[in-house]
Amino acid sequence: MYGVAEDVYSFCSYALFDMDGNQVPQELVTKVGEAFESILKETDKVREEHDEDMSIQRAISIVFDRRPELRLEGLAHKVLQWYLCRMEGWFAADAETISLKSWDKEELLPGGHGLMVRGYLPVINTLAKGLDIRLGHRVTKITRHYIGVKVTVEGGKTFVADAVVVAVPLGVLKARTIKFEPRLPDWKEAAIDDLGVGIENKIIMHFDKVFWPNVEFLGVVSDTSYGCSYFLNLHKATGHCVLVYMPAGQLARDIEKMSDEAAANFAFTQLKKILPDASSPIQYLVSHWGTDANSLGSYSYDTVGKSHDLYERLRIPVDNLFFAGEATSMSYPGSVHGAFSTGLMAAEDCRMRVLERYGELDLFQPVMGEETPISVPFLISRL
């Protein structure tokens with residue numbers, strides 16, 4: 001149970017602009033949004049008619065060939081590309097790589113989107129209370145035996161345990177930076193290889209004053225989704241003069257090749273296109289999820305031609321190795337709650353494995369406070 005204090009804001013308000021700084025009429029934004037929903041519904045028919053998978057981009061092209069009246073021109077077309085850009089941000093991947101068969105398999109929870117006003121640190125600190133957590137220990141090898149597991153970290157130090165929960169990001173598993181001895185089974189390695197891992201970065205810009213509309217998102221429309229962009233307005237939820245530029249897919253990969261200064265300048269140039277009087281940021285912070293050795297990607301998604309049950313295959317234990325993380329959640333991939341729920345399952349499976357070996361020992365206390373409610377002091381802003 002969580003003790004939650006909420007600041008609630010209106011749901012997903014947008015202000016879209018063209019490259020000349022002209023704001024797109026809200027009526028057109030709404031109309032194109034409805035058209036985009038209609039196009040996605042038409043892709044359902046394409047999915048039903050084809051046994052083989054294809055990309056969501058290819059399906060949209062088929063819809064336009066069949067229903068040319070759904071094609072949009074001029075400014076409306078650019079707004080449609082912005083909606084596609086937002087969809088690509090959801091999966092952290094380009095539309096030509098997202099599976100038509102599986103793109104909508106995720107279960108959506110009610111309540112809209114929430115922003116953790118103070119970040120996740122209060123939650124993490126509460127859940128970590130009383131636990132022996134070793135920071136700065138990057139794992140290089142996991143050796144499993146019938147009687148236990150040995151974990152080796154950089155520098156050669158080892159830890160021995162009865163079982164291990166592996167919850168590292170999918171990108172790290174893909175890179176094989178952790179060596180498993182003996183090798184993981186072929187079906188497990190195939191799940192790791194075939195699941196997609198996307199990239200969505202954040203370029204956070206702190207300004208000395210607010211010069212933008214009081215909406216959740218500022219958007220830049222363009223002829224292609226690659227040319228579109230959007231900024232999350234943190235001032236509305238937090239009171240701080242901060243905008244967050246959020247590139248995804250190929251654009252995010254291209255920006256990761258830049259220096260932090262160049263990336264921040266790129267984001268600010270996008271902002272200046274729509275708000276010519278924008279003042280320069282006084283601070284900036286740039287993420288590198290695709291190249292950070294501890295992540296090597298942002299989160300998972302369904303790639304073309306691959307089964308959605310890969311998430312479940314990645315979750316299934318191998319002997320005394322238990323797997324968790326957003327990429328092991330069939331229902332909630334790419335999400336914090338997906339990572340959290342699979343962590344609970346893996347911990348319980350691990351617990352039962354040890355109890356089977358040793359019997360009823362008082363080794364495990366309820367980590368999540370099964371008997372004592374936990375009160376976590378955080379604020380949620382509904383976006």
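For clarity, every value in this text was computed on a predicted model and none was experimentally measured. (Residues numbered from 1 in each chain as written. Predicted model: local features only at pLDDT ≥ 70, side-chain atom pairs only at ≥ 80, totals over all residues. Heavy atoms only, no water.)

1. Topic: the sheet that holds strand S6 (residues 158–161)
For step 1, the next point in the chain: The strand order across the open sheet built from four strands is S6-S5-S4-S8, with neighbouring strands paired in mixed fashion. The open sheet has two edge strands with one neighbour each: S6 and strand S8 (179–181). Neighbouring strand axes in the sheet, compared pairwise and without regard to direction, differ in orientation by 15 degrees on average.
For step 2, the next point in the chain: Both strand S4 (residues 139–145) and strand S5 (residues 148–153) contribute to a ladder of six bridges, which runs antiparallel. Residue pairing across strands places valine 139 opposite valine 153, the latter belonging to S5. (Pairing = 2+ DSSP bridges. Helix = DSSP H or I, 4+ residues; strand = E, 2+ residues; numbered from the N terminus. Axes fitted to C-alpha atoms, helices over the stretch in contact; angles between N-to-C directions.)

2. Looking at the domain arrangement of the protein
For step 1, the next point in the chain: What the domain assignment reports for the protein is domain 1 (2–11 + 25–91) and domain 2 (120–197 + 295–358).
For step 2, the next point in the chain: Spacing between the C-alpha centres of domain 1 and domain 2 amounts to 34 Å.
For step 3, the next point in the chain: Facing the seven residues of domain 1 at the interface are seven residues of domain 2.
For step 4, the next point in the chain: Around 490 Å² of area is buried between domain 1 and domain 2 when both sides are counted, 57% of it from carbon and sulfur atoms.
For step 5, the next point in the chain: Applying the counting rule to domain 1 against domain 2 returns zero salt bridges. (Domains from an automatic or database assignment. Contact = heavy atoms within 4.5 Å. Buried area = accessible area lost by both parts, 1.4 Å probe. Salt bridge = Lys/Arg side-chain N within 4 Å of Asp/Glu carboxyl O.)

3. Things to note about empty space enclosed by the protein
Rolled over the atoms, a probe with the dimensions of a water molecule shows which regions are left empty.
For step 1, the next point in the chain: All told, the structure shown has two cavities of 30 Å³ or more when counted by the stated rule.
For step 2, the next point in the chain: By volume, the largest cavity is sized at about 110 Å³.
For step 3, the next point in the chain: Along its surface, the largest cavity is lined by 15 residues, and Cys85, Glu88, Ser225, Ala248 and Leu251 are the ones closest to its centre.
For step 4, the next point in the chain: Of all the elements, helix H3 (residues 74–91) adds the most residues to the lining of the largest cavity, at three residues.
For step 5, the next point in the chain: Here the residues of the lining of the largest cavity sort into nine nonpolar, four polar and two charged.
For step 6, the next point in the chain: The calculated volume of the second largest cavity comes to roughly 40 Å³.
For step 7, the next point in the chain: If you trace the second largest cavity, you find it lined by Asn201, Ile203, Pro247, Ile255, Glu256, Met258, Ala263, Val286, Ser287 and His288. (1 Å grid on protein atoms, 1.4 Å probe; cavity = no way out; pocket = protein on both sides within 12 Å on 5 of 7 lines; lining within 4 Å. Points joined across faces, edges and corners; volume = space filled by probe spheres on them. Nonpolar A, V, L, I, M, F, W, Y, C, P; charged D, E, K, R; others polar.)

4. Details of the UniProt feature "domain: Amine oxidase" (unreviewed entry) in the protein
For step 1, the next point in the chain: The residues that UniProt annotates with the feature "domain: Amine oxidase" (unreviewed entry) are residues 28–350.
For step 2, the next point in the chain: Between the first and last C-alpha atoms of residues 28–350 the distance is 53 Å; the span itself is 37% helix and 17% strand. (UniProt positions renumbered as here; feature names shortened; annotations may be inferred.)

5. Notes on the pairing of strand S13 (residues 242–245)
For step 1, the next point in the chain: Because side chains alternate across S13, one face comprises the buried residues Val242 and Val244, and the other comprises Leu243 and Tyr245, equally buried.
For step 2, the next point in the chain: Bridge analysis of strand S10 (residues 203–206) against S13 gives four bridges, and the strand direction is antiparallel. Paired with histidine 206 across the two strands is valine 242, which belongs to S13.
For step 3, the next point in the chain: Here strand S12 (residues 229–233) runs beside S13; their pairing, made up of three bridges, is antiparallel. Bridging from a neighbouring strand, phenylalanine 231 pairs with tyrosine 245 of S13. (Buried < 20%, exposed > 50% of the residue type's maximum accessible area, 1.4 Å probe, protein only.)

6. Focus on the nonpolar core
For step 1, the next point in the chain: Core analysis: the biggest nonpolar cluster contains 43 residues, and Leu16, Ile56, Trp82, Tyr83, Met87 and Trp103 have the highest contact counts within it.
For step 2, the next point in the chain: Listing elements by their share of this core, those giving two or more residues are strand S2 (14–17), helix H1 (26–49), helix H2 (56–66), H3, S12 and S13.
For step 3, the next point in the chain: Top element by residues in this core is H3. It accounts for nine residues.
For step 4, the next point in the chain: Those residues in contact with tyrosine 83 that lie beyond four places of it in its chain are Tyr14, Val29, Val32, Gly33 and Phe36. (Core = buried A, V, L, I, M, F, W, Y, C linked by side-chain atoms within 4.5 Å.)

7. Quick word on the confidence of the model for the protein
For step 1, the next point in the chain: Per-chain confidence: the protein averages 89 in pLDDT, with 91% of residues scoring 70 or above.
For step 2, the next point in the chain: The low-confidence segment residues 1–11 (pLDDT under 50) makes 37 contacts with residues lying over four places distant or belonging to another chain.
For step 3, the next point in the chain: The low-confidence segment residues 364–383, where pLDDT is below 50, has 70 contacts with residues more than four positions distant or belonging to other chains. (pLDDT = per-residue confidence, 0-100.)

8. A look at the packing of aromatic side chains
For step 1, the next point in the chain: Per the stated rule, a full pass over the model turns up 11 aromatic pairs.
For step 2, the next point in the chain: Look at phenylalanine 36 and tyrosine 83: their rings are 6.1 Å apart centre to centre, the planes differ by 25 degrees, and that puts the pair in the stacked class. Residue phenylalanine 36 is found in helix H1, and its partner tyrosine 83 is found in helix H3; the two are separated by 47 residues along the sequence.
For step 3, the next point in the chain: For phenylalanine 36, a relative accessible area of 8% corresponds to the buried category. (Phe/Tyr/Trp six-rings, centres within 6.5 Å; stacked < 30°, edge-to-face > 60°.)

9. With respect to the environment of valine 160
For step 1, the next point in the chain: Within the element layout of this structure, valine 160 appears in strand S6.
For step 2, the next point in the chain: On a C-alpha basis, the gap between valine 160 and serine 307 in space is 35 Å, while along the polypeptide they are 147 residues apart.
For step 3, the next point in the chain: Setting aside its immediate chain neighbours within four residues, valine 160 contacts Val149 and Lys150.

10. Describing the pattern of salt bridges
Side-chain pairs of opposite charge can arise where the charged atoms are in close proximity.
For step 1, the next point in the chain: Enumeration over the complete set of coordinates arrives at 22 salt bridges.
For step 2, the next point in the chain: For lysine 179, the salt bridge goes to glutamate 181, with nearest N and O atoms at 3.3 Å.
For step 3, the next point in the chain: The shortest N-O distance in the salt bridge between lysine 257 and aspartate 254 comes to 3.8 Å.
For step 4, the next point in the chain: Its relative accessible area of 69% is what places lysine 257 among the exposed residues.
For step 5, the next point in the chain: Residue class for aspartate 254 comes out partly exposed when judged on its relative accessible area of 23%.

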